[in-house]
Amino acid sequence: MKASTWLLGAFASLVFLSGCGGSKSSNNAVLATVSSVSISPTLNTSPTVLKYRQAITMVINGQNLQQGVNINNPGCANLTESAGGSNTTRTFTCKIIRVGPFNMSITDTANNQLYFAAMSVPLAARPQVTLATTMGNIVVELNPGAAPISVDNFLNYVESGFYSNTIFHRADNQVIQAGGYTPTLTALTPTYSAITLESTLTTGLSNTPGTIGMASTNVANSATSQFYFNVVGNSSFFNATTTSGGYAVFGTIFSGLNVMKAIDAVPTSAQGGLPTVPVTPVIITSATRTQ
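Per chain, the residues get numbers from 1 upward, laid out in the order the sequence is written. Where totals are concerned, whole chains, interfaces and linings use all residues; where local detail is concerned, this predicted model gives features only for residues with pLDDT of at least 70, and gives and counts side-chain atom pairs only at 80 or more. As a rule here, side-chain values come from all non-hydrogen atoms in the structure, and water together with hydrogens is ignored.

Caption draft 1: Seen up close, helix α1 (residues 148–160). Only runs of H or I of at least four residues qualify as helices and only runs of E of at least two qualify as strands under DSSP, and these elements are numbered from the N terminus. The span expected for a helix works out to 1.5 Å for each residue beyond the first. Between its terminal C-alpha atoms α1 stretches 18 Å, which fits the 18 Å expected from 13 residues at 1.5 Å a residue. Turning to α1, its buried residues are Pro 148, Ile 149, Ser 150, Val 151, Asp 152, Asn 153, Phe 154, Leu 155, Asn 156, Tyr 157 and Val 158. Positive phi appears at Gly 161, one or two residues downstream of α1, with a value of about 80°. Exposure categories follow from relative accessible area, calculated using a 1.4 Å probe and restricted to protein chains: below 20% of the type maximum is buried, above 50% is exposed, and the middle band is partly exposed.

Written as structure tokens, this is what we have:
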């Protein structure tokens, strides 16, 4: 399942320290305190209800904040501090990628809890993406509740138009794989950094027939734009074990199983250093979020 390799952290759980070296270890250390936290935009404030895949701003007010605070928000990705923070106010931004309930906490550098809030991200229906191909449409239903990092990454590529005019470059009676090459077998450069592997041991998902997963190298946390569909049951090969990270499943085919099977049945040959490329190119003409 080869793809290009980058490395990136996952959910936001970061320590932000002062420029002069962070916390002190003595009993006389001055530690941060938090008096209030404001989050915007919100759908509701009790509990804090947020919108799926929306960027939020968190303003932390308190004292001695530049001595260091640890923000643990498992719903956030790409937690970043804005410029201009002070000892009494610091501002952070992130993107909400988790659904359902979760908790956010802030601690000081001695691990004393300074702030706690219950949060929730409602989702009326799972996202669906329609892949329009030259052999028909495949509608994929994604599972952000189980695999939020992989789903958000895939949707980023879909919404940017990255998959338009790309091909299925692998069809080997085991999987069909796409997301990395043009019809002339020119390798594409991924737009975004690689993501953290969401192990099937953690998500509870499995490489069963008709599921979609993130393709990667044999290096952990290397998945970028390429994805695959399991034509057959590959759980014994692709699921994580105690010694192998495996490949991350993040959804299933909602409609178009017949199209997946038809793509897999196209005659293949070795081309451009790839062993099982369909002789007649199977092109993804568009990828669109349709739910």
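Caption draft 2: Structural detail: the state of the cysteines. Defined by distance alone, a disulfide is two cysteine sulfur atoms within 2.5 Å. With the rule as written, the count across this model stands at one disulfide. There is a disulfide in this structure between Cys 76 and Cys 94, and the S-S distance comes to 1.8 Å. One end of the pair, Cys 76, is in strand β6 (residues 69–81); the other, Cys 94, is in strand β7 (residues 89–96), and 18 residues separate them in sequence. Both residues of the pair, Cys 76 and Cys 94, count as buried.

Caption draft 3: Local environment of the pattern of salt bridges. Salt-bridge detection follows one rule: a side-chain nitrogen of Lys or Arg within 4 Å of a carboxyl oxygen of Asp or Glu. Evaluation of the coordinates by the stated rule reveals five salt bridges. For Arg 90, the salt bridge goes to Glu 81, with nearest N and O atoms at 2.8 Å. Given a relative accessible area of 27%, Glu 81 falls into the partly exposed group. The salt bridge involving Asp 152 is made with Lys 95; its shortest N-O contact spans 2.9 Å. With Asp 152 in helix α1 and Lys 95 in strand β7, this pair connects stretches of sequence that are 57 residues apart. Three or more residues are tied together by salt bridges with common partners; here these are Arg 53, Lys 95, Asp 152 and Glu 159.

Caption draft 4: Spatial organisation of helix α4 (residues 257–265). Three or more residues of α4 are buried, namely Val 259, Met 260, Ile 263 and Asp 264. Along the axis of α4, the buried residues cluster in a sector spanning 140°; they form a single face. Residues of α4 that are exposed and point over 90 degrees away from its buried face: Asn 258, Lys 261 and Ala 265. It only takes one pair of heavy atoms within 4.5 Å for two residues to be counted as in contact. On the buried face of α4, the contacting elements are β10 (128–133), β11 (136–142), β12 (166–171), β13 (175–178), β15 (227–230) and β16 (249–255). The reported arc concerns the directions from the helix axis to the C-beta atoms and nothing else.

Caption draft 5: Inspection of the packing of aromatic side chains at higher detail. A pair of Phe, Tyr and Trp rings is counted when the ring centres sit within 6.5 Å of each other, with Trp represented by its six-membered ring. The angle between the planes then sorts it: under 30 degrees is stacked, over 60 is edge-to-face, the rest tilted. If you walk through the whole model with that rule in mind, you get 13 aromatic pairs. Between Tyr 157 and Phe 162 the ring centres are 4.9 Å apart and the planes differ by 70°, which places this aromatic pair in the edge-to-face class. Considered together, Tyr 157 and Phe 162 belong to a single accessibility category, that of buried residues. Centroid distance Tyr 228 to Tyr 247: 6.2 Å. Interplanar angle 80°. Geometry classified as edge-to-face. Within this pair, whereas Tyr 228 is found in strand β15, its partner Tyr 247 is found in the loop between α3 (235–238) and β16, the two being separated by 19 residues in sequence. Accessibility expressed as a relative area gives 0% for Tyr 228, which makes it buried. Counting every residue linked through ring pairs, the aromatic cluster contains Phe 154, Tyr 157, Phe 162, Tyr 163, Phe 168, Tyr 192, Phe 227, Phe 229 and Phe 250.

Caption draft 6: Summary view of the sheet that holds β13. Around the barrel, which closes on itself, the eight strands sit in the order β10-β11-β16-β14-β15-β13-β12-β19 with antiparallel pairing between neighbours. This sheet shows a mean twist of 35° between the axes of neighbouring strands, independent of strand direction. As judged from the five bridges shared by β10 and strand β19 (residues 283–289), these two strands associate in the antiparallel manner. Opposite Thr 133, over in β19, you have Ile 284 as the bridge partner. The strands that α1 touches are β10, β11, β14 (211–214), β15, β16 and β19; relative to β19, the one it contacts most, it runs at about 115°. Sheet contacts for α4: β10, β11, β12, β13, β15 and β16; angle to β11, the most-contacted strand, approximately 120°. Strand pairing follows a simple DSSP-based rule, namely that at least 2 bridges must link the two strands. Note on geometry: axes are lines fitted to C-alpha atoms, helical ones only across the stretch in contact, with angles between N-to-C directions running from 0 to 180 degrees.

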